[in-house]
Amino acid sequence: MYGYTADEIIGRSSYVLIPEEKWFEEPQILERVKNGERVQQFETQRITKDRRIFDVSLTISPIYDAAGDIVGLSKITRDITEKKQEERRKNDFIAMVSHELKTPLTSMRSYIQVLLGRAKNNDDSFGINALTRANVQSKKMTNMIQDFLDLARLENGRITLTMEVFELDELMKEAAADAQFLSTAHTIRTMGCEGIKVKADRDKIGQVLINLLSNAIKYSPKGGTIDISCTREAERVKVCIADEGVGISLSEQKKLFNRFYRVKNESIKTVSGFGIGLYLVSEILQYHNSKIEVESTEGKGSKFYFSLEMC
Ligand code: ADP
């Protein structure tokens, strides 16, 4: 697989098989194996004798002696070049389709808005009602397409952050107004975010908020209040989005952030979605050295929170 003969490689450090930019992973893996953990299907890259880099999946297990002490480790490396290429092609396809769908949808949305303005001027109540609904549905579609585009970019490692300093309160109010527009049955309030500045990718954090808020709406079928709050904690600000919806059981809470994961529950079986929103939220926050957390009681509601560094 690597192109070396036995004579050339036996006795040399295994680092010669690892591209330099992946060297940082080794101590982390060793640490985990030293603690008796088995590392399974760890995807990374390796390098051949003629300097060709290829995709691999590793399984690493500790080897114990009779006394139960770890005396070595076994590493199995599988070449997954083809699988990775297939994934890249799939992601490129999703990115292309999402991108192509965005342009006509944007133009449709502007026509809807112009017509809605006219219907309002003419006091045309049927027109107002129908176009308001069309406006909401097309907004939902725009959000979904944006999620798909980001999923594809993320999977292909093409997400880059554009960091800027901005007022958190402004972004919160924009996101709250956007989400409020999706539902009249819910009251969305923001509190405690005034005067806080953060350095982050404004658009991406906006997308995190929209995903969390549209979930809060989707999974609170009876309506209720949705609170967005900010709490200062030393150098960071903790952002919390709390709803009064169906809640999530403890066992489900661990799986929510997996790609394509959706909870199977009678009360929400008609709610549509692809199970990518929370995966994206979690990945975007990881890029910001933050993480998404959840607290929830079934039947009572859920709280999702994360923190950002303040300026
Ligand atoms: P989607 O909403 O498209 O299914 P997400 O990744 O956004 O995908 O969410 C994954 C699952 O987590 C949802 O299917 C839902 O069951 C659960 N969930 C997310 N947010 C909430 C919430 N605020 N309250 C209750 N359940 C939620």
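Residues numbered from 1 in each chain as written. Predicted model: local features only at pLDDT ≥ 70, side-chain atom pairs only at ≥ 80, totals over all residues. Heavy atoms only, no water.

Let's talk about the nonpolar core
Keep this limit in mind: Note on terminology: a nonpolar core comprises buried Ala, Val, Leu, Ile, Met, Phe, Trp, Tyr and Cys residues joined through side-chain atoms within 4.5 Å. Exposure categories follow from relative accessible area, calculated using a 1.4 Å probe and restricted to protein chains: below 20% of the type maximum is buried, above 50% is exposed, and the middle band is partly exposed. Going along the chain from the N terminus, every DSSP run of H or I of four or more residues is numbered as a helix, and every run of E of two or more is numbered as a strand. Here, two residues are considered to be in contact whenever any of their heavy atoms come within 4.5 Å of each other.
Of all hydrophobic cores here, the largest spans 40 residues; its most connected members are Leu-168, Leu-212, Phe-304 and Phe-306. Elements with a minimum of two residues in this core: helix H5 (168–180), strand E6 (197–201), helix H6 (202–218), strand E7 (224–233), strand E8 (236–242), helix H8 (277–287) and strand E10 (301–309). Take this core: its biggest share by element is seven residues, from H6. Look past the residues within four positions of Phe-304 in its chain and what remains in contact with it is Leu-212, Val-239, Cys-240, Ile-241, Ile-248, Leu-256, Phe-257, Leu-278, Ile-292, Glu-293 and Val-294. Ranked by size, the runner-up nonpolar core spans nine residues in total, among them Leu-17, Val-33, Val-39 and Val-56.

Focus on the sheet that holds strand E1 (residues 39–47)
Going by this rule: When DSSP locates at least two bridges between a pair of strands, those strands are taken to pair. Here an axis means a line fitted to C-alpha atoms, over the contact stretch when the element is a helix, while the angle between two N-to-C directions is reported on a 0 to 180 degree scale.
The three strands are arranged E1-E2-E3 in an open sheet whose pairing can be described as antiparallel. Two strands in the sheet have a free side with no partner beyond their single neighbour: E1 and strand E3 (70–79). Neighbour-to-neighbour, the strand axes of this sheet turn through a mean angle of 35°, independent of strand direction. Packing of helix H2 (residues 25–34) onto the sheet brings it into contact with E1, strand E2 (53–64) and E3, and relative to E1 it is tilted by some 155°. Across the sheet, helix H3 (residues 81–121) touches E1, E2 and E3, and the angle it forms with E2 is around 125°.

Observations regarding the domain arrangement of the protein chain
How big an interface is tends to be stated in terms of accessible area lost as the parts join. Put simply, the rule reads: Start and end points for every domain follow an automatic or database-based domain assignment.
Looking at the protein chain, the domain boundaries give domain 1 (6–79), domain 2 (83–155) and domain 3 (163–309). Placing a centre on the C-alpha atoms of domain 1 and another on those of domain 3 gives a separation of 38 Å.

Things to note about the site of the ligand
What counts, and what does not: Note on definitions. A residue lies near a molecule or strand when any single heavy atom of the residue is within 4 Å of it. Side-chain atoms alone can form a polar contact between residues adjacent in sequence; in general such a contact is a pair of N or O atoms within 3.5 Å, and within protein one must be able to donate a hydrogen while the other accepts it. Accessibility throughout is a Shrake-Rupley quantity obtained with a 1.4 Å probe, and a residue counts as covered only by protein chains that appear here. The way it works is a 1 Å grid over only the protein atoms, where trapped points that fit a 1.4 Å probe form a cavity and open points with protein on both sides within 12 Å along at least five of seven lines form a pocket, and then any residue with an atom within 4 Å of a point lines it. If over half the atoms of a molecule are within 2 Å of the grid points of a cavity or pocket, the molecule is regarded as sitting in it. For this scheme, ten residues count as nonpolar: Ala, Val, Leu, Ile, Met, Phe, Trp, Tyr, Cys and Pro. Four count as charged, namely Asp, Glu, Lys and Arg, and the remainder, Gly too, count as polar.
Lining the immediate surroundings of the ligand are 21 residues, of which Asn-215, Tyr-219, Asp-243, Arg-262 and Leu-278 lie closest. Between a nitrogen atom of the ligand and a side-chain N or O atom of Asp-243, the distance comes to 2.8 Å. Measuring from a nitrogen atom of the ligand, one finds a side-chain N or O atom of Ser-302 at 3.4 Å. Computed on the free molecule, the ligand has an accessible area of 530 Å², of which 97% lies beneath the protein chains in the complex. Judged by its atoms lying within 2 Å of the grid points, the ligand is housed in the largest pocket. The leading source of residues in the shell around the ligand is H6, at three residues. Of the residues in the shell around the ligand, the class split is 12 nonpolar, six polar and three charged.

Things to note about H3
Here is the rule we go by: The span you would expect from a helix comes to 1.5 Å times its residue count less one.
In this model H3 runs 60 Å from its N-terminal to its C-terminal C-alpha over 41 residues, within 8% of the 60 Å that 1.5 Å per residue would give. Burial in H3 covers these residues: Lys-84, Asn-91, Ala-95, Ser-98, Leu-105, Arg-109, Ile-112, Leu-116 and Ala-119. Here the buried face of H3 lies against E1, E2 and helix H4 (125–155). Where H3 terminates, the next one or two residues include Asp-123, which has phi positive at roughly 55°.

Topic: the pattern of salt bridges
The condition is simple: For salt bridges, the criterion is a side-chain nitrogen of Lys or Arg within 4 Å of an Asp or Glu carboxyl oxygen.
Scanning all chains against the criterion turns up 19 salt bridges. Glu-31 is the salt-bridge partner of Lys-34, the closest N and O atoms lying 4.0 Å from each other. One end of the pair, Lys-34, and the other, Glu-31, are both in helix H2, three residues apart, so they sit about a helical turn from each other. Residue Lys-34 is classed as exposed on the basis of its relative accessible area, which comes to 58%. A salt bridge links Glu-43 to Lys-84; its shortest N-O distance comes to 2.8 Å. You can see Glu-43 sitting in strand E1 and its partner Lys-84 sitting in helix H3, a full 41 residues away along the chain. Owing to a relative accessible area of 18%, Lys-84 belongs among the buried residues under this scheme.

Examining unusual backbone geometry
Note on backbone geometry: most residues besides glycine have negative phi, and most peptide bonds are trans. The phi dihedral of Gln-41 is positive, around 45°, even though this residue is not glycine. Position of Gln-41 relative to the elements: it lies in strand E1. Positive phi outside glycine occurs at Ala-234, with the angle close to 50°. Note that Ala-234 resides in the loop between E7 and E8.

With respect to the packing of aromatic side chains
Quick reminder of the rule: The criterion for an aromatic pair is that two Phe, Tyr or Trp rings (for Trp, the six-membered ring) have centres within 6.5 Å, with stacked assigned to planes under 30 degrees apart, edge-to-face to planes over 60 apart and tilted to the rest.
Applying the stated rule across the entire model yields four aromatic pairs. Each ring, one from Tyr-15 and one from Trp-23, has its centre 5.4 Å from the other, and the planes form 85°; the classification is edge-to-face. For Tyr-15, a relative accessible area of 28% gives the class partly exposed. Overall, Trp-23 belongs to the partly exposed group, its relative accessible area being 37%.

Points about the pairing of E8
Of all seven residues in E8, five are buried; the element is thus mostly enclosed. Of the strand pairs in this sheet, E8 and E10 are connected by seven bridges, and their pairing is antiparallel. Pairing of Lys-238 across the sheet is with Ser-307, part of E10.

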